[in-house]
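Residue-level structure breakdown
Read off the chains here:
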Amino acid sequence: MSSCSTDVKENRNSDNLYSKQGVAAEAAQLPNGSAGGGRKRPLEEGNNGHSHSKYRPKKRKKVPGPILPKNALMQLNEIKPGLQYRLQSQTGPVHAPVFVMTVEVNGQLFEGSGPTKKKAKLNAAEKALRSFVQFPNASEAHMAMGRTLSVHTDFTSDQADFPDMLFNAFETSAPVDDPFYLASNSNGSFSSLGIEYPLLPSPIPNLVQAPSPAAPSIFVSPTSGKNPVMILNELRPGLKYDFVSESGESHAKNFVMSVAVDAQNFQGSGRNKKLAKARAAQAALSALFNMQLDQAPSRQPIPREGLQLHLPQVLADAVSRLVVDKFSELTDNFTSPHARRKVLAGVVMTTGADVKEAEVICVSTGTKCINGEYMSDRGLALNDCHAEIVARRCLIRYLYSQLEHFLSNQEEEHQKSIFSRCDGQGFRLKQDVQFHLYISTSPCGDARIFSPHEAGVEDQGDRHPNRKARGQLRTKIESGEGTIPVRSSNTIQTWDGVLQGERLLTMSCSDKIARWNVVGFQGSLMSYFSAPLYFSSIILGSLYHADHLSRATYQRIADIHPLAPPFSLNRPLLSGISNTEARQPGKAPNFSVNWTVGDQNLEVVNATTGKDDLGRPSRLCKHALYSRWLRLHCKLSPTLRIRTPRPSSYHEAKQAAVEYHGSKQTLFRAFQGAGLGAWVKKPIEQDQFTLTS
């Protein structure tokens, strides 16, 4: 008989084991040791003693047996699905074989031995579980095993022979997509609530506990059956949850629920109302009781360096919801033909600690770049129509409009501006004004070079941080999607070479975001008016992985040469969202849309030509933005940070921002010094245009 059939037979025998034991147990409970079926029932009245009369025997109630505990093999399979067990060896005589099975978990190999393959597998699974299942003390380990401790139990012994019941505590009815495990960073005690918080680990491995050495983290174990709604109800009984809204396409619905606690309103969103309620409760627990959603390491937000005005997850979920809702509003609840998209991006502005006062500044979609033959030498075409790049151009356009508000003679318009004058030259943002970039998925390039499926199963962070591909500069492909690494030597693109058919190369979104974290997102022209402006947070709707996103956006250039003030290496808040956006299957549309606050409608741009379908230039093109810049330059020339005569061309205006370009060159040298490749520049001819008055 093959090993496979042996395993099947063993499984079948073990499945039948309990049914036999259950029958035996029931038999023992009946008089005379009879199993009930062997005892004749007396004849019913009216039968006159005739035994052949028909009667219906009363159905005997089955005595319920105990619920079978899950063994180590089952528990490990729930935590780490798809593990492969391999037969290492078989020794001993035929009548008493010893099998050795191995399993690899978290990069570590565990061996188990037994008289059958199944028992060897079970033994290996137990050892694997013990490697990352830890109890804070021996008494709780024994409680989990269902053992009663004697006073003289030796807790110092290194020997451990845990039975299968050790893993009963890991059983949970909570669904996998609703992973709410709460921790408290506060010193307050929750014992007065009558809630028992056993210090058992979560069924999801490698969960990071709340980092507070002074106050040990208090976990709400899934075995306690307490989700955020239940916890909040015990803290504040009688709360009412209200349905706020429903949005999204049929395959990716999003519900919003709200709850009022202590005169504050908290909202949560999710793919169903139950999940939305749980997230609303979690938002309340985070804000009022400092109880945080415990997440796996690669899913945890990375706080920003500097002032953090908002709770990371609350901010991330709010920013995501605002951008998606605005896009829904602009596309008639996603029914417009231009609602089709692969990637959605947007920028949200906050002006204080209250997320409810946040404002959507711009929204954009797109995943493609211009075809080389449509490049414009007059700045009339958009080269890169990826959503996050278009969103940044929208934001620059918004900054110009805010400077125009500042210059207004009307006091009301003047007060609306987000800018105030610096003591020296130029302008600065008003206090607590922050910008948050939302992208519905990880930016193309280095931030997306990992397998999300494997990351979800293993959840170990980056398992190969030293691979050569990690951190490499990458370029987008003309007339296609995806990115390729740059060449090791400098690549010089020429105007005539591209027009003759050489593929136009555009740096990936991950690389451009890394550049914004050094020189600012405002660009060289805006730096005439303002010091560098940096994003306070970058929030992803899906494919968020803390290790990969942090490496791509700033960590790979952490050793950059000191930058001349006011430039610095920005480390924004990085976060995913609670309600991960559904993957957008199908072919990417060939258009990009954009909207900035103050616009009446979406603008639709053909990504191949960089213009609209009638051949008209976009309101975001270089020509349009340079025109607005020139008007501001004339009006503000006495107060500019960079004092130069009126430039004769777009290229000259950019080159005059010497500090900006010096920091950019420092960034390029940092990439090359780290062996990550050389930045690929566009042909210079595209910037050498002038504006006729």
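Now for a look at the structure at hand. Think of each chain on its own: its residues are numbered from 1, step by step along the sequence as written. This being a predicted model, a pLDDT of at least 70 is required before a residue's local features are given, and a value of 80 or more before pairs of side-chain atoms are given or counted; all residues contribute to the totals for chains, interfaces and linings. Remark: hydrogens and water are excluded; side-chain values derive from all non-hydrogen atoms of the structure.

Side note on the packing of aromatic side chains
Defined as follows: The criterion for an aromatic pair is that two Phe, Tyr or Trp rings (for Trp, the six-membered ring) have centres within 6.5 Å, with stacked assigned to planes under 30 degrees apart, edge-to-face to planes over 60 apart and tilted to the rest. Three exposure classes are used, based on accessible area relative to the maximum for each residue type with a 1.4 Å probe and protein chains only: buried under 20%, partly exposed in between, and exposed over 50%. Numbering of helices and strands runs from the N terminus, with a helix taken as a DSSP run of H or I at least four residues long and a strand as a DSSP run of E at least two residues long. Lysine NZ or arginine CZ positioned within 6 Å of the ring centre and within 35 degrees of the ring normal marks a charge as sitting over the ring.
One pass over the full model with this rule turns up 15 aromatic pairs. Taking 6.1 Å as the distance between ring centres and 55° as the angle between the ring planes, the aromatic pair formed by Phe327 and Phe334 counts as tilted. Here Phe327 matches Phe334 in class, with each residue buried. On the numbers, 4.9 Å between centres and 15° between planes, the contact of Tyr650 with Phe689 is stacked. Residue Tyr650 is found in helix 16 (residues 650-655), and its partner Phe689 is found in the segment after helix 17 (658-673); the two are separated by 39 residues along the sequence. For the pair formed by Tyr650 and Phe689, the shared burial category is buried. In textbook terms, an aromatic cluster arises when at least three aromatic residues are bridged by ring pairs, as seen for Tyr528, Phe529, Tyr626, Trp629, Tyr650 and Phe689. Here the guanidinium or amino end of Lys273 rests over the ring plane of Phe243, the centre of that ring lying 4.6 Å away. Just above the ring of Tyr241 sits the side chain of Lys277; from NZ or CZ to the centre is 5.0 Å.

Some remarks on the side chain of Arg470
Here is the rule we go by: N or O atoms closer than or at 3.5 Å make up a polar contact, with two conditions inside protein: a donor-capable atom paired with an acceptor-capable one, and, for residues adjacent in sequence, both atoms drawn from side chains.
With respect to the secondary-structure elements, Arg470 resides in the loop between helix 10 (452-458) and strand 16 (474-476). A polar contact is formed between the side chain of Arg470 and the backbone oxygen of Ile449, at a distance of 3.4 Å.

Describing helix 7 (residues 312-330)
To be explicit about the condition: One less than the number of residues in a helix, times 1.5 Å, gives the span that helix is expected to have.
For helix 7, which comprises 19 residues, the first-to-last C-alpha distance of 27 Å matches the rise-based estimate of 27 Å (1.5 Å per residue) to within 8%. Asp332, located one to two residues past helix 7, shows a positive phi value of around 50°.

Considering the side chain of Ser417
Condition: Contacts between residues were defined by any pair of non-hydrogen atoms, one from each residue, lying within 4.5 Å.
Among the structural elements, Ser417 can be located in the loop between helix 9 (411-416) and strand 13 (419-421). Among the residues examined, Ser417 registers a relative accessible area of 1% and is labelled buried. Those residues in contact with Ser417, other than ones at most four positions away along the chain, are Gln402, His405, Phe406 and Lys430.

With respect to the nonpolar core
Counted only if it meets this: Definition of nonpolar core: a set of buried residues of the types Ala, Val, Leu, Ile, Met, Phe, Trp, Tyr and Cys, connected through side-chain atoms within 4.5 Å.
Counting 86 residues, the largest nonpolar core has Phe435 and Phe529 as its most contacted members. At 12 residues, helix 8 (residues 387-406) tops the list of elements feeding residues into this core. If we skip the residues at most four places from it in the chain, Phe529 touches Tyr400, Leu403, Gly426, Phe427, Trp629, Leu632, His633, Leu636, Leu640 and Arg641. Core analysis: the next-biggest nonpolar cluster, separate from the first, contains 23 residues, Leu315, Phe327, Leu573 and Ile577 among them.

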